[in-house]
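Geometric and topological summary
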Amino acid sequence: MRHTQRDKPVLSPSKSLNYASPSVCHKDSDGEPKQLSYDDMVTYDNLRTAYFQTIQGKQHRYRVQKFKRNFVSELKQLYKELKTRSYRVSTPRTFNIWCTAGQKVRRISAPTFRDLVVQRLIYNYVYYTFDKGFIFDSYGCRKNKGAERAADRTQDFIRHSPEDSYYLQIDIRRYYYNIRKDVLKQSLERKIKDQEIVNLLLMFMHDVGVDVGSIVAQLFGLIYLDRFDHYIKRNLKIKHYIRYVDDMVFIGLSQQECYFLLNLCIGFLNDNLGLTLSKWRIQSLHRSINFCGYRTNRYYRLIRKRSLKTFNRALAHQDYAAIESVLAHTEHSASYNFLMKKLQPLFNYLPKHLKRRIYKWQSIHSSLPKGHTDTG
């Protein structure tokens, strides 16, 4: 497989890696590493900070307003339960939504607001301990590691790969619903030595599967596949590999290498994590990679055809919120000029925020060199 001369790949999915490392993310007054502690995490100040972070963007909801009316007494009660180890997770509210990205129905579990505060408390405390151990190209619920950054990185990998090479793209079947509690516990215990923090985290999942719709579920999604990431980078020495939650792309390989790597990935995921693939794709880099909401190739990036259909439907129904959502997603792609040209004839009928967007686009568009073309 393609690698640097000093990196000799070891292609053996049966070999397990040693991920043990000190469970630290803070330092004491002497600057020495400090292990994570349940009592250090559960303080009233930390809980209060978690509350104000959780309430952002949710203040109009009834259950949030109910908590907010007596938030001092609610926080004191929650703090007491956590300190006395009597806290228990409440039954979440479940409902189905249509996921436009995956084109399927997803079962969402909405935790109670007090549980969201506890989840934020834990997330704030343990995030950096795990984040510093993730590979650079693991994207998702990480700071400065969103979908747009992942798409940028994908295009950079394509541009640094031979034009006649191939890519392998794989996706996990029902990822969040197949996360095993015993395997996740091992990953948590490698970083967190305080068993009480581990037990508190594991309260938010089942024996198999985690409820989608909470911040700890997103953190679990990053942690669970981290050992697979290190297997790809350390053992197989794959240079151009990128993961966005459960969607993974390997770029710049030969077709034969892609098929060989596919078998290694299937074996490792099944044997070590109990996961299977829902789909996979091996194609030439002459074709665009459909990843993180964009169709990306060496020269430009387009939005998915599904997003274009959403824009046309929103335009026909004058759904300005949906139009703004698509435009925000499209802004850093070659499709943006195409969509803005479709909006221009309707300028007089658009709300102010869309008019401001058109003004900004016109000021940039007028400065483009002659012969510039737009791609829809």
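Notes on the structure follow. (Residues numbered from 1 in each chain as written. Predicted model: local features only at pLDDT ≥ 70, side-chain atom pairs only at ≥ 80, totals over all residues. Heavy atoms only, no water.)

Topic: the overall build of the protein
Keep this limit in mind: Under the scheme used here, helices are H or I runs from DSSP no shorter than 4 residues and strands are E runs no shorter than 2 residues, and both carry numbers assigned from the N terminus. Categorising residues by exposure relies on relative accessible area from a 1.4 Å probe, with only protein chains included: less than 20% of the type maximum marks a residue as buried, more than 50% marks it as exposed, and the intermediate range marks it as partly exposed. Reported accessibility uses the Shrake-Rupley method at a 1.4 Å probe radius. Residues are deemed covered only where the shown protein chains occlude them.
Scanning the protein for helices and strands turns up 15 helices and 12 strands. Counting every position in the protein, which comprises 376 residues, the buried fraction comes to 46%. Approximately 19700 Å² of the protein is accessible, and the part contributed by carbon and sulfur atoms is 49%.

Topic: the pattern of salt bridges
Applicable threshold: Just to be clear on terms, a salt bridge is a Lys or Arg side-chain nitrogen sitting within 4 Å of an Asp or Glu carboxyl oxygen.
Counted under the stated rule, the structure contains 13 salt bridges. The closest approach of N and O atoms between Arg 243 and Asp 229, which form a salt bridge, is 2.8 Å. Taken together, the residues Arg 243 in strand 7 (residues 241–244) and Asp 229 in helix 10 (residues 226–235) connect sequence positions 14 residues apart. Residue classification places Asp 229 among the buried residues on the basis of a relative accessible area of 0%. Connected through shared salt-bridge partners, Asp 39, Lys 83, Arg 85 and Glu 196 make up one network.

Points about the sheet that holds strand 9 (residues 277–284)
Note the cut-off: DSSP calls a pair of strands paired once it identifies at least 2 bridges connecting them.
Taking strand neighbours across the sheet as the criterion, the 5 strands line up as 5-7-8-6-9 in an open arrangement whose pairing is mixed. The strands lining the two open edges of the sheet, one partner per strand, are strand 5 (138–139) and strand 9. Bridging between strand 6 (residues 166–172) and strand 9 involves 7 bridges; their strand directions are antiparallel. Directly across from Asp 171, in strand 9, lies its bridge partner Lys 279.

Concerning the packing of helix 2 (residues 44–55) against helix 5 (residues 113–131)
Two numbers describe a pair of packed helices, the interaxial angle and the distance between the axes. As a reminder, the rule being used: Lines are fitted to the C-alpha atoms to define the axes, a helix being fitted only along its stretch in contact, and any angle between axes, read from their N-to-C directions, falls within 0 to 180 degrees. Orientation is classified from the angle alone, with under 35 degrees giving roughly parallel, over 145 giving roughly antiparallel, 65 to 115 giving roughly perpendicular, and any other angle giving oblique. Each crossing is labelled by how the near helix is turned from the far one, with a counterclockwise turn of less than a right angle marking it left-handed and a clockwise turn marking it right-handed. By the convention used here, residues are in contact when the closest approach between their heavy atoms is within 4.5 Å. Asp, Glu, Lys and Arg are counted as charged, while Ala, Val, Leu, Ile, Met, Phe, Trp, Tyr, Cys and Pro are counted as nonpolar; the rest, among them Gly, fall into the polar class.
Orientation of helix 2 relative to helix 5, taken along the N-to-C sense of each, is 115°, at an axis distance of 8 Å. One way to sum up the angle between helix 2 and helix 5 is to call them roughly perpendicular. Handedness of the helix 2/helix 5 crossing: right-handed. Within the contact between the two elements, helix 2 uses Asn 46, Leu 47, Ala 50, Tyr 51, Gln 53, Thr 54 and Ile 55 and helix 5 uses Phe 113, Leu 116, Val 117, Arg 120, Leu 121 and Asn 124. Class assignment for the residues of the contact of helix 2 with helix 5 results in 8 nonpolar, 4 polar and 1 charged.

A short note on the packing of aromatic side chains
What counts, and what does not: Aromatic pairing here means that ring centres of Phe, Tyr or Trp (its six-membered ring) are within 6.5 Å. Orientation follows from the plane angle: under 30 degrees is stacked, over 60 is edge-to-face, and everything else is tilted. Working rule: Lys NZ or Arg CZ, within 6 Å of ring centre, within 35 degrees of ring normal, means a charge sits over the ring.
Evaluation of the coordinates by the stated rule reveals 17 aromatic pairs. With centroids separated by 5.3 Å and ring planes inclined at 50°, the aromatic side chains of Tyr 175 and Tyr 176 adopt a geometry described as tilted. The positively charged end of Lys 145 is found above the aromatic ring belonging to Phe 136, 3.3 Å away from the centroid. When the ring centre of Phe 347 is taken as origin, the NZ or CZ atom of Lys 355, which lies over that ring, is 5.4 Å away.

Focus on the nonpolar core
Generally speaking, soluble globular proteins have nonpolar side chains that are buried together. Formally: Only buried residues count toward a nonpolar core. Its members are Ala, Val, Leu, Ile, Met, Phe, Trp, Tyr and Cys residues joined through side-chain atoms within 4.5 Å.
The biggest cluster of nonpolar side chains holds 78 residues, and the ones touching the most others in it are Phe 228, Ile 232 and Phe 250. Residue contributions to this core peak at 11 residues, all from helix 5. Among the nonpolar cores identified, the runner-up in size contains 19 residues, and Ala 322, Leu 327, Leu 339 and Ile 358 belong to it.

A short note on helix 4 (residues 71–83)
Under the convention used in this document: Between the first and last residue of a helix there are one fewer steps than residues, each counted as 1.5 Å, and that sum is the expected span. Starting at the helix axis, one direction is taken to each C-beta atom, and the arc is that of these directions.
The terminal C-alpha atoms of helix 4, which comprises 13 residues, lie 18 Å apart, in line with the 18 Å expected from a rise of 1.5 Å per residue. Here helix 4 has its buried residues at Leu 75, Leu 78, Glu 81 and Leu 82. Angularly, the buried residues of helix 4 cover 125° about the axis, an arc narrow enough to put them on a single face. In helix 4, the exposed residues that point more than 90 degrees away from the buried face are Lys 76 and Lys 80. Arg 85 sits one or two positions beyond helix 4 and adopts a positive phi of about 60°.

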